[in-house]
Structures are given as structure tokens and as C-alpha cells.
Amino acid sequence: VSVIRSRRLNASYRALIDPSKATWTTAKIATDSGFSDVGKFRKAFAASFGVTPDDARAQGRFVAPSISGAGQLATHFAAFGALQAGQWPQNRLDG
């Protein structure tokens, strides 16, 4: 995966979980991130992150910590995995 494509995918991930962009369609986010074909974007996103763009958006609603860079994406998905496994601290969800 090229550096540019990786940056575009990371930007699209951040947009998908950004509450201020909750009304944006996946197609708009893909286009704004530099992808002209939404189908190819969805495949590239799933191959890169292991989830579809729609799943990433849904996961972000539950555990979206502030994500300021690509290095924190793995932390985000690990947190979601912990949530799914029932290992997420309850007070974190309440607060």
C-alpha cells in the first residue's frame, strides 16, 4: 500500500468516526479522501482495517477516543475488541 493511499485511508477512518461528520455519507468521505470509486474505497478500507467503513463508523460511536494520527488506529480497534469481549471498564462507558 502506498504512503499516499495509506494516508487517505487513515483520513477517511478519522472522518468516519468524527461526530461532526456523522451526517456525511460514506461516498462523500471516500471522495473527500481522494477515492473516485466508492466500491474500491470500501475494499481498500476493509483490507487495511479489517472492518467495513460502515462498521468502523458504528464502532466509533461506542469507543471513539481522540484519534490524532494513524498510529492510534490499532488502539481504537483494540478498545472495540475489549468492549465486544466484555473487558472494557464500565466506568469508561458511563463517562
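Relevant structure appears above.
Not measured: the values here are computed from a predicted model.

Engineer: Provide a residue-level description of the overall build of the chain, including the pertinent values.
Structural biologist: Across its full length, the chain carries 6 helices and 0 strands. Secondary structure elements in the chain, listed N-terminal to C-terminal, are α-α-α-α-α-α. Out of the 95 residues belonging to the chain, those deemed buried represent 35%. Long-range pairs, those at least 24 residues apart, make up 54% of the contacts in the chain with a sequence separation of at least 6. Carbon and sulfur atoms provide 52% of the accessible area of the chain, an area that totals close to 5,700 Å².

Engineer: Please give an account of the pattern of salt bridges that cites residues and values.
Structural biologist: For the structure on display, the rule yields 3 salt bridges. Put simply, aspartate 32 and lysine 28 hold a salt bridge, and the shortest N to O gap is 3.0 Å. Placement of the pair is aspartate 32 and lysine 28 together in helix H2 (residues 26-32), with a separation of 4 residues, close to one helical turn. Among the residues examined, aspartate 32 registers a relative accessible area of 47% and is labelled partly exposed. Across the pair aspartate 54 and arginine 42 runs a salt bridge, and its minimum N-O distance is 3.3 Å. In this pair, aspartate 54 is assigned in helix H4 (residues 53-63) and arginine 42 in helix H3 (residues 38-49), connecting sequence segments 12 residues apart.

Procedures and definitions
Residues numbered from 1 in each chain as written. Predicted model: local features only at pLDDT ≥ 70, side-chain atom pairs only at ≥ 80, totals over all residues. Heavy atoms only, no water. Helix = DSSP H or I, 4+ residues; strand = E, 2+ residues; numbered from the N terminus. Buried < 20%, exposed > 50% of the residue type's maximum accessible area, 1.4 Å probe, protein only. Contact = heavy atoms within 4.5 Å. Areas by Shrake-Rupley, 256 points an atom, 1.4 Å probe, with all protein chains shown as cover. Salt bridge = Lys/Arg side-chain N within 4 Å of Asp/Glu carboxyl O.

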